[in-house]
Amino acid sequence: HGSQTFFFLKMKPTSLLGENIIKVVLAKTVIDFLAENNGDPQRAADAGISLLHKKVRGTGGVIVIGKSGKVGCAFSTPHFARAYLTSEMPEPFVGV
């Protein structure tokens, strides 16, 4: 679809977070949502995290960069560390 999708996950040794992300095929699912939402990365990110919770009661986070360079970020884990920079930004966004 001409977009890049990245997802990050804070894992603990005893956590099943990664398994839940795999169960819903989160990266591909978010790309599908990106196509369904006219390339809107925020809507795709929100839909992916919502599905993760609804299907498997999972938590995680995604950063989605659409074809246009717009960025979307959604997460359901506390303290989700995230950072990104686009060519239109004077400084990177960093959040925890």
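Residues numbered from 1 in each chain as written. Predicted model: local features only at pLDDT ≥ 70, side-chain atom pairs only at ≥ 80, totals over all residues. Heavy atoms only, no water.

Enquirer: I'm lost on the confidence of the model for the chain in this one. Help?
Expert: For residues with low pLDDT, the predicted coordinates do not support detailed interpretation. With 82% of its residues at a pLDDT of 70 or more, the chain shows a mean pLDDT of 81. Note on residues 8–15: pLDDT is under 50 here. Beyond four places in sequence and across chains, it has 10 contacts. (pLDDT = per-residue confidence, 0-100. Contact = heavy atoms within 4.5 Å.)

Enquirer: Sorry if this is basic, but what is going on with unusual backbone geometry here?
Expert: Peptide bonds are, in most cases, trans, and in most cases residues other than glycine have a negative phi. The backbone phi angle of N38 is positive, close to 55°, even though this residue is not glycine. Judged by relative accessible area, N38 falls into the exposed class, the value being 77%. Not every positive phi belongs to a glycine, and H79 is a case in point at roughly 60°. (Buried < 20%, exposed > 50% of the residue type's maximum accessible area, 1.4 Å probe, protein only.)

Enquirer: Mind showing me how you'd approach the pairing of strand β2 (residues 61–65) here?
Expert: Along any regular strand the residues' side chains alternate between the sheet's two faces. Taking burial as the measure, the five residues of β2 include four buried ones, the bulk of the element. Where β2 hands over to strand β3 (residues 71–75), the hairpin turn is made up of five residues, of which G69 adopts a positive phi near 100°. (Helix = DSSP H or I, 4+ residues; strand = E, 2+ residues; numbered from the N terminus. Pairing = 2+ DSSP bridges.)

Enquirer: Would you explain the nonpolar core in this entry?
Expert: Where a protein is soluble and globular, its nonpolar side chains tend to be buried together. Counting 13 residues, the largest nonpolar core has L26, V30, I49, L52, V62 and V64 as its most contacted members. Looking at this core, the elements that each hand over two or more residues are α2 (26–36), α3 (41–56) and β2. (Core = buried A, V, L, I, M, F, W, Y, C linked by side-chain atoms within 4.5 Å.)

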